[in-house]
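Notes for the structure review
Each chain, letter by letter, is given below.
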Amino acid sequence: MFDDSEFLFSQTDDIVVSACPVLIDEEKTVSENKFLWGYYLCIENNSSRKISLLGKNWKITDDKGNSFSDDTCGFKGEIPELEPGECFEYTSMAPIAASNAVFYGSCKIKAEGQDIAKEVKIPTFCLSAKNKPEVSVH
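Keep in mind that this is a model prediction, so the values were computed, not measured.

Overview of the nonpolar core
One finds Y39, I43, L53, W58 and F75 to be the most contacted residues of the largest nonpolar core, which totals 30 residues. Going through the elements one at a time, β2 (15-28), β3 (33-45), β4 (51-62), β7 (87-96), β8 (100-111) and β9 (118-128) are the ones with two or more residues in this core.

Concerning the pattern of salt bridges
A complete count under the given rule lists 3 salt bridges for this structure. Notably, a salt bridge pairs E119 with K108, separated by 3.9 Å at the nearest N-O pair. Note that E119 is positioned in strand β9 and K108 in strand β8, a separation of 11 residues in sequence.

Digging into the environment of S92
Here S92 is to be found in strand β7. Taking the relative accessible area as the measure of exposure, S92 reaches 22% and is therefore partly exposed. Along the sequence, S92 and P21 sit 71 residues apart, while their C-alpha atoms lie 9.8 Å from each other. When sequence neighbours within four positions are dropped, the list of residues in contact with S92 reads W37, G38 and Y39.

Regarding the side chain of K56
As for its position among the elements, K56 is in strand β4. Buried and without a salt bridge, K56 has D70 as its closest oppositely charged side chain, separated by 4.2 Å. At 2.9 Å, the side chain of K56 forms a polar contact with the side chain of T72. One polar contact links the side chain of K56 to the main-chain carbonyl oxygen of G74, over a distance of 2.5 Å. Leave out the neighbours within four places in its chain, and K56 touches D70, D71, T72, C73, G74, F75, K76, Y90, S106 and C107.

Quick look at the packing of aromatic side chains
Counted according to the given criterion, the structure contains 10 aromatic pairs. Between Y39 and W58, the aromatic rings sit 6.3 Å apart at their centres with planes inclined by 90°, giving edge-to-face as the arrangement. Of this pair, Y39 sits in strand β3 while W58 is found in strand β4, placing the two residues 19 residues apart along the sequence. For the pair Y39 and W58, a shared accessibility class is recorded, and that class is buried. One aromatic cluster is present, built from ring pairs that chain together Y39, W58, F75, F88, Y90, F103 and F125. The ring of F75 carries the charged tip of K56 above its face, separated from the ring centre by 4.8 Å. A cation over an aromatic ring shows up here: K76 above the ring of Y90, its NZ or CZ 5.2 Å from the ring centre.

Conventions and cut-offs
Residues numbered from 1 in each chain as written. Predicted model: local features only at pLDDT ≥ 70, side-chain atom pairs only at ≥ 80, totals over all residues. Heavy atoms only, no water. Core = buried A, V, L, I, M, F, W, Y, C linked by side-chain atoms within 4.5 Å. Buried < 20%, exposed > 50% of the residue type's maximum accessible area, 1.4 Å probe, protein only. Helix = DSSP H or I, 4+ residues; strand = E, 2+ residues; numbered from the N terminus. Salt bridge = Lys/Arg side-chain N within 4 Å of Asp/Glu carboxyl O. Contact = heavy atoms within 4.5 Å. Lys, Arg positive; Asp, Glu negative; His and termini not counted. Polar contact = N/O pair within 3.5 Å; in protein donor to acceptor, adjacent residues only side chain to side chain. Phe/Tyr/Trp six-rings, centres within 6.5 Å; stacked < 30°, edge-to-face > 60°. Lys NZ or Arg CZ within 6 Å of the ring centre and 35° of its normal.

Okay, structure coming up:
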């Protein structure tokens, strides 16, 4: 479902985040188009300490000026812990009522033995329905 050539990467210290969007469905109606986007994130702990993924703060802003955000604790109700060398994979979907948008933000992590959490940037990526193949989900 995800094409390796479309993966984007960002790194904060020893934490690497990879991301990939995919257009799942496009519904054309008389009044407006609706686009259902799927996205995949992989958070890799390349540090020497165990980390906890405390939450996320990401936003989607479309070309019509609408903004959506997800600023929540954990990931689907869980706070994953990653030992050195482990990774956490996360997928979700976002319905957008515009053909173009941008996805950006960060994850909040806390390393074992540290009192202060830090922000780890996720790669910024574009959601553009133009020239994108649709993926059928059954």
